[in-house]
Amino acid sequence: MKNLWDPKEASQFEENSLQMRVYSSRLLGNNSDLVLHGGGNTSVKFQELNLFGEEEEILYVKGSGCNLATIEKYSFTPLRLKTLRKLAEMENISDVEMVRQQQMAMTNPDAPSPSVEALLHAIIPFKWIDHTHADAVVTITNTPRGKELIQEIYGERLFIIPYVMPGFKLVRKVHEMARNVDWNQYEGMVLLNHGIFSFSESALESYTRMIDLVSLAEKYLGKNATFSSTFPQDSVHVETGAKTVAPDTVSGKAFFPEHPTLQTLARIRRKVSEIRGAAMLAQLNNGPEACGFANLPNVKEIATRGTITSDHLIRTKPGPAVLDPENLEKSLENFASGYKAYFERQTNGKQTCLDCAPRWGVWPGKGTVAFGRNITESRIVTDIVQHTVKAIQLAESIGGWNPVTEDHLFEGEYMELQQKKLSNNSLLPNENGSVEFEGKIALVSGAASGIGLACARELFEQGAVVVGLDLNPDISNILSEPGMLGIECDVTDQKAVSEAVAVTVRKFGGLDVLVLNAGTFPVGQTIEEMDEQTWSKSLAINLTAPQQLLQSCVPFLKEGIDPALIFMA
Ligand code: ZN
């Protein structure tokens, strides 16, 4: 793991601890092997004058749900340290009460709600604290000999804490274990099955410790662990740079699934949406690592044991649906009934069961599929799954993938605070919250201007993901937001059209709405004046092209959710 600290850049923040905190937090946040999408947290402590001129010791900690990669000064919440330390002395309070008390300890009511791990930062007696869910470290701890391996790798350098769900109980556990401990003997702390902390009186040292500690775990895995990667079946290798082929942000690879696979993907998506009771996107990852995982003979058994860290539970549920290519519908129904049974086994009667739809699937021979109500959700799941499939295999090769038990998984998934975080986080595609088309996939021809562009924009505003086709090469810039895709395409070129439809399904999982809008409007001519060329061109664009586009789309629309066709005549 590379140390990205730039002494020259960092030197400008020397006088401003909060700026420095932003700087090194971003260094951590930009490494997906350390944290993913809102995971991890950092803090800094210093004295501040309040309105009355009194000095107070303040903890600035990352706000709940903020992303370390893009964090700003105002994403850190200032809290009175004295209050927090008193709170940590309490015998037992609920997590909801803890969060309420933390909010009352804020010195700026406009700051975001503080991280659920704020109290942990308060009781660790160092100015700078960095916390990540580093893949390598959690992978090693998710094995039967996790604790021993950590001791072997780190000796006495780390304070080791057994698994306790994040929240007040974890704070108490650390607090009690630390009673007779001199924190100065440690460079960091490992929370088994959860993550790692580093700390120091210097920002540089705390960051460097994190990188060095995680590097040791990576080195250990590099020497002792393996994982498999293979190429997908039934895929065509397409030369990158082909005109209608948009860069593949999911797998980063140029292996494109063929038509029957795409049609099956659309069927999978429809079934998952049915179970969820709402339209969902389905993003296939058929990169070598996802395929290597999906092709393991024991994939069903190992994939469903649990997550890397409890932070991922609200995104991915405890495990994926393992798809049976012979009986897709049944395997998805089995997932739903299995999830329901897990809830019934674990609930204390006070929780409400979440929907039973999977958030990801393992598709033997093809790769992994991420499901989400919108592009933000499905991308987060895609990223988490990419890290998960690797971690599972690495752990299997060093003794066995052994995440926390089912009761801990349930506790993490149904924790009141996590549920709250999820609802705060869900990015609605527009401000007034009208999301009638959320999860829907639309294709609009002639989308670079006029009616086509207006349709594309409106569907997008209403929550759909939208692919626009146009002759105008600028279409890729005109429709460039996440959840939109502009493809340069001549709708009279049947091959280009069918490729564009394939790209749409590969990227989002299906097709629900087709707006046939591309057309020409020739200058007015009488029948006897009209030349052959004008007549043929008009027929080609206004009649044959929509027929061809329909031909490519109908097989997918048949698998769509409330499919709709809109003709501009
Ligand atoms: Zn954590």
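None of these values were measured; they are calculated from a predicted model. (Residues numbered from 1 in each chain as written. Predicted model: local features only at pLDDT ≥ 70, side-chain atom pairs only at ≥ 80, totals over all residues. Heavy atoms only, no water.)

A. The arrangement of the overall build of the protein chain in detail. On a plain count of helices and strands, the protein chain comes out with 21 helices and 18 strands. In summary, the protein chain has a C-alpha radius of gyration of 26 Å against a globular reference of 25 Å for 569 residues, a match within 12%. In terms of overall dimensions, the protein chain has C-alpha extents of about 100 × 60 × 50 Å along its principal axes. Every one of the 569 residues in the protein chain was classed for burial, and the buried ones make up 55%. Entry remark: accessible area of the protein chain is about 24800 Å², with carbon and sulfur atoms responsible for 51%. One way to put it: in the protein chain the 52 positive side-chain charges average out to a point 5 Å from where the 70 negative ones average out. (Helix = DSSP H or I, 4+ residues; strand = E, 2+ residues; numbered from the N terminus. Rg over C-alpha atoms; globule rule 2.2 N^0.38 Å. Buried < 20%, exposed > 50% of the residue type's maximum accessible area, 1.4 Å probe, protein only. Areas by Shrake-Rupley, 256 points an atom, 1.4 Å probe, with all protein chains shown as cover. Lys, Arg positive; Asp, Glu negative; His and termini not counted. Charge placed at Lys NZ, Arg CZ, Asp CG, Glu CD.)

B. Expanded view of the nonpolar core. The biggest cluster of nonpolar side chains holds 57 residues, and the ones touching the most others in it are Ile268, Leu443, Leu469, Ile487, Leu514, Leu549 and Cys553. If we skip the residues at most four places from it in the chain, Leu514 touches Leu443, Leu549, Leu550, Cys553, Leu557, Ala564, Leu565 and Ile566. Listed in part, the 45 residues of the second largest apolar core include Val35, Val44, Leu149 and Leu221. (Core = buried A, V, L, I, M, F, W, Y, C linked by side-chain atoms within 4.5 Å. Contact = heavy atoms within 4.5 Å.)

C. Highlighting the coordination of the zinc ion. Every protein donor of the zinc ion is listed here as Glu117 (OE), His131 (NE2), His133 (NE2) and His194 (NE2), and their distances to the metal cover 2.1 to 2.6 Å. Coordination at the zinc ion is irregular: its four donor atoms span angles of 80 to 158° at the metal. Here the donor residues for the zinc ion map to a single chain with the spacing E-x13-H-x1-H-x60-H. Within this pair, whereas Glu117 is found in the loop between helix H4 (95–104) and helix H5 (118–123), its partner His133 is found in the loop between strand E4 (128–132) and helix H6 (135–141), the two being separated by 16 residues in sequence. For His133, a relative accessible area of 8% corresponds to the buried category. (Donors = N, O, S within 2.8 Å, 3.2 Å for Na, K, Ca; no water. Tetrahedral: all angles 85-135°; square planar, octahedral: opposite > 155°, others 65-115°.)

D. Representation of the packing of aromatic side chains within the structure. Evaluation of the coordinates by the stated rule reveals 14 aromatic pairs. Here the aromatic residues Phe335, Tyr339, Tyr342, Phe343, Phe410 and Tyr414 are joined through ring pairs into a cluster of three or more. For Lys317, the ring lying beneath its charged end belongs to Tyr339, and the centroid distance is 4.1 Å. (Phe/Tyr/Trp six-rings, centres within 6.5 Å; stacked < 30°, edge-to-face > 60°. Lys NZ or Arg CZ within 6 Å of the ring centre and 35° of its normal.)

E. Fine view of the pattern of salt bridges. Inspection of the entire model under this criterion finds 26 salt bridges. Two residues, Asp512 and Arg269, come together in a salt bridge whose shortest N-O distance is 2.7 Å. You can see Asp512 sitting in the loop between helix H20 (494–508) and strand E17 (513–516) and its partner Arg269 sitting in helix H10 (residues 259–276), a full 243 residues away along the chain. Relative accessible area serves as the criterion here: at 1%, Arg269 is assigned to the buried category. One salt bridge connects Arg305 with Glu396, and the closest N-O pair in it is separated by 3.0 Å. Here Glu396 lies in helix H15 (residues 375–397) and Arg305 lies in the loop between helix H12 (299–303) and helix H13 (313–316), a separation of 91 residues in the sequence. Among the residues examined, Arg305 registers a relative accessible area of 27% and is labelled partly exposed. We classify Glu396 as partly exposed; its relative accessible area is 28%. (Salt bridge = Lys/Arg side-chain N within 4 Å of Asp/Glu carboxyl O.)

F. Focus on the environment of Lys2. Looking at where Lys2 falls in the secondary structure, it is placed in the segment before helix H1 (7–11). Its relative accessible area of 67% is what places Lys2 among the exposed residues. In this structure the C-alpha to C-alpha distance between Lys2 and Ser215, which are 213 residues apart in sequence, comes to 8.3 Å. Those residues in contact with Lys2 that sit more than four places away from it in its chain are Tyr207 and Ile211.

G. The sheet that holds strand E7 (residues 195–200), seen in detail. Read across the open sheet, the seven strands follow the order E3-E2-E1-E4-E7-E6-E5; overall the sheet is mixed. Whereas interior strands pair on both sides, the edge strands pair on one side only; in this sheet they are strand E3 (76–80) and strand E5 (158–161). Direction aside, neighbouring strands of the sheet carry axes that sit 20° apart on average. Of the strand pairs in this sheet, E4 and E7 are connected by five bridges, and their pairing is antiparallel. Note on E7: the bridge partner recorded for Ile129 is Phe199. (Pairing = 2+ DSSP bridges. Axes fitted to C-alpha atoms, helices over the stretch in contact; angles between N-to-C directions.)

H. Broad picture of the confidence of the model for the protein chain. Mean pLDDT over the protein chain works out to 90, with 92% of the residues at or above the 70 mark. When mean pLDDT is taken per element in the protein chain, strand E14 (residues 441–445) scores highest with 98 and strand E8 (residues 235–237) scores lowest with 48. Low pLDDT, under 50, characterises residues 236–253; the predicted model gives this stretch 38 contacts beyond four residues in sequence or across chains. Every residue in residues 425–432 scores below 50 in pLDDT, and together they form eleven contacts with partners more than four places removed in sequence or on other chains. (pLDDT = per-residue confidence, 0-100.)

I. View of the sheet that holds strand E11 (residues 321–322). With mixed pairing, the four strands of this open sheet are ordered in space as E10-E13-E12-E11. Where the open sheet ends on each side, the last strands, each with one partner, are strand E10 (281–285) and E11. Relative to strand E13 (residues 367–372), E10 runs antiparallel, the two sharing five bridges. The residue bridging Asn285 from the neighbouring strand is Thr368, located in E13.

J. Just the side chain of Thr42, in detail. For Thr42, the position within the fold is in strand E1 (residues 41–49). A polar side-chain atom of Thr42 sits 2.8 Å from a polar atom in the side chain of Ser25. Not counting the four nearest positions on each side in its chain, Thr42 is found in contact with Arg21, Ser25, Leu28, Tyr60, Val61, Lys62, Leu68, Phe76, His121, Ile129 and Asp130. (Polar contact = N/O pair within 3.5 Å; in protein donor to acceptor, adjacent residues only side chain to side chain.)

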